[in-house]
Amino acid sequence: MPDKHPSAALSVSGLSFAIGGTTLIHPMSFEVKTGRRLVVLGPNGAGKSLLLRLCHGLLQPVAGQVHRNDHHPAGRRAHAMVFQMPVMLRRSVFDNVTHALATVGVPSAQLRSRAVEALNRFGLTGFSERPARLLSGGEQQRLAIARAWALRPDLLFLDEPTAALDPSATRLIEAMLGDLHAEGVTLMMSTHDLGQARRLADDVVFLASGSLVEASEAHRFFNDPQTHQARAFIAGDLVW
Ligand SMILES: Nc1ncnc2c1ncn2[C@@H]1O[C@H](COP(=O)(O)OP(=O)(O)O)[C@@H](O)[C@H]1O
Ligand SMILES: [Mg+2]
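Rules behind the numbers
Residues numbered from 1 in each chain as written. Chains lettered and ligands numbered in written order. Predicted model: local features only at pLDDT ≥ 70, side-chain atom pairs only at ≥ 80, totals over all residues. Heavy atoms only, no water. Pairing = 2+ DSSP bridges. Helix = DSSP H or I, 4+ residues; strand = E, 2+ residues; numbered from the N terminus. Axes fitted to C-alpha atoms, helices over the stretch in contact; angles between N-to-C directions. Near = heavy atom within 4 Å. Areas by Shrake-Rupley, 256 points an atom, 1.4 Å probe, with all protein chains shown as cover. Nonpolar A, V, L, I, M, F, W, Y, C, P; charged D, E, K, R; others polar. pLDDT = per-residue confidence, 0-100. Contact = heavy atoms within 4.5 Å. Parallel < 35°, antiparallel > 145°, perpendicular 65-115°, else oblique. Left-handed = near helix turned anticlockwise from the far one by under 90°. Buried < 20%, exposed > 50% of the residue type's maximum accessible area, 1.4 Å probe, protein only. Core = buried A, V, L, I, M, F, W, Y, C linked by side-chain atoms within 4.5 Å. Phe/Tyr/Trp six-rings, centres within 6.5 Å; stacked < 30°, edge-to-face > 60°. Lys NZ or Arg CZ within 6 Å of the ring centre and 35° of its normal.

The six strands are arranged 5-6-7-3-8-9 in an open sheet whose pairing can be described as mixed. At either margin of the open sheet sits one strand with a lone partner, and together these are strand 5 (79-82) and strand 9 (211-217). Adjacent strand axes in the sheet meet at a mean angle of 15 degrees, parallel and antiparallel pairs treated alike. Here strand 6 (residues 155-159) pairs with strand 7 (residues 186-191) via five bridges, running parallel.

And the structure:
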């Protein structure tokens, strides 16, 4: 049974975002509960990527706020993000991890051991010296997750991490996310894939046209959706 009163790893209140006078994220409020997997679900163009970027602090809201519960031990990163298309430096797999660690101030004496640990953790040890950009899409996404995990985040944002991957690579990434969840990492990930949301979500934030349409516990969202838009999406009718 889910915890009835879990604390919030992240609280969004009255958050909105606009570019050039066009509101792209309409005011919304919700919480990401500690230790849970929140899936931001919605069709293409719903505002999923913008919302994750706002939550990670890559974009500044025009109103409202994102409050992250940043009480984490020294040497840990509060939050990290994995993008739909992994961004790899023109360096080895190993150096991509050590560079990320150095960027957030991990002491140089710890870089090697933390990179070794992360690559080992995600089955990438044999790839260490290869140029990261020559890995397959699935391998690059595994590396992106290993690199993010190496930062020891309490909260990991993932923006459609499997959208560009084939089914077997997708299943591998989903299994890795399951392991991270079991370790206690809070996950906030987006997808337009209903099947993936059903497999992974503890909680759902359903977006359409830049608005939060429905936010609820996943079981309720899928079995007893409260809005006609959610019902239509679950039925596979993208009619708006
Ligand atoms: N920099 C931008 N300038 C103008 N419109 C944007 C910009 N970024 C995103 N949008 C628009 O905002 C909407 C939501 O985009 P996005 O968050 O990428 O959707 P999703 O990730 O759900 O597919 C889309 O209509 C998109 O065209
Ligand atoms: Mg997107």
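Read on for the rest.
What follows is about the site of ligand 1. Ligand 1 sits among I19, L24, P43, N44, G45, A46, G47, K48, S49 and L50. Bound to the protein, ligand 1 loses 55% of the 560 Å² it would expose on its own. At three residues, helix 1 (residues 48-56) tops the list of elements feeding residues into the shell around ligand 1. Residue composition of the shell around ligand 1, by class: five nonpolar, four polar and one charged.

With that settled, consider the confidence of the model for the protein. Any region with low pLDDT has predicted coordinates that should not be read closely. Mean pLDDT for the protein: 92, with 93% of residues reaching 70 or above. Scored below 50 in pLDDT, residues 1-5 makes one contact in the model with residues more than four places away or belonging to other chains.

What follows concerns the environment of H181. With respect to the element layout, H181 can be found in helix 5 (residues 167-183). Expressed as a C-alpha distance, the spacing of H181 and L156, which sit 25 residues apart in the sequence, is 9.9 Å. Other than its neighbours up to four places away in sequence, H181 contacts G35, R36, R37, L187 and D202.

Another aspect to go through is the packing of helix 3 (residues 108-121) against helix 4 (residues 137-150). One can describe the packing of helix 3 onto helix 4 by two numbers: an axis separation of 9 Å at closest approach and a directional angle of 135 degrees. When the axis of helix 3 is compared with that of helix 4, the two are oblique. The crossing of helix 3 and helix 4 is right-handed. Note on element contacts: helix 4 touches helix 3 through L143, A146, W149 and A150, opposite R114, E117, A118, L119 and R121. A class-by-class count of the residues in the contact of helix 3 with helix 4 yields six nonpolar, no polar and three charged.

A word on the pairing of strand 8 (residues 203-208). Of all the six residues making up strand 8, six are buried; the element is thus mostly covered by neighbouring parts of the structure. Of the two faces of strand 8, the one carrying D203, V205 and L207 and the one carrying V204, F206 and A208 are both buried. Bridging between strand 3 (residues 37-41) and strand 8 involves four bridges; their strand directions are parallel. Looking at strand 8, one finds that L38 is bridged to D203. Relative to strand 9, strand 8 is paired through six bridges, and the arrangement is antiparallel. For V205, the partnering residue across the bridge sits in strand 9 and is A215. Turn length for the strand 8-strand 9 hairpin, with the two strands adjacent in sequence and antiparallel, is two residues, and the turn residue S209 shows positive phi of about 50 degrees.

Moving on to the nonpolar core. In this structure, L41, L143, I145, L156, L177 and F222 are the most contacted members of the largest nonpolar core, which totals 52 residues. Counting residues per element, this core draws most heavily on helix 4, which supplies seven residues. Not counting residues up to four positions away in its chain, the partners in contact with L177 are I145, L158, L187, M189 and L200.

Taken in spatial order, the three strands line up as 2-1-4 in an open sheet, and their pairing is antiparallel. If you trace the sheet from one side to the other, it starts and ends with strand 2 (22-33) and strand 4 (63-68), each paired once. Strand after strand, the sheet turns through a mean of 15 degrees between neighbouring axes, direction not considered. In this sheet, strand 4 lies alongside strand 1 (residues 8-19) in antiparallel orientation, the contact comprising five bridges. By the bridge assignment for strand 4, S13 is matched with Q65.

Here the focus is the packing of aromatic side chains. Applying the stated rule across the entire model yields four aromatic pairs. Both rings, one in F122 and one in W149, keep their centres 5.6 Å apart while their planes meet at 80 degrees; by these two values the pair is edge-to-face. Here F122, found in the loop between helix 3 and helix 4, pairs with W149, found in helix 4; they are 27 residues apart in sequence, far enough to count as distant. Judged by centre distance (5.2 Å) and plane angle (85 degrees), the ring pair of F221 and F222 falls under edge-to-face. Note on F222: relative accessible area 11%, which makes it buried. Through a chain of ring-to-ring contacts, three or more aromatic side chains come together here, namely F206, F221, F222 and F233. Taking the ring centre of F122 as reference, the NZ or CZ of R121 above it sits at 4.7 Å. R121 extends its terminal NZ or CZ atom over the ring of W149, reaching a point 5.5 Å from the ring centre.

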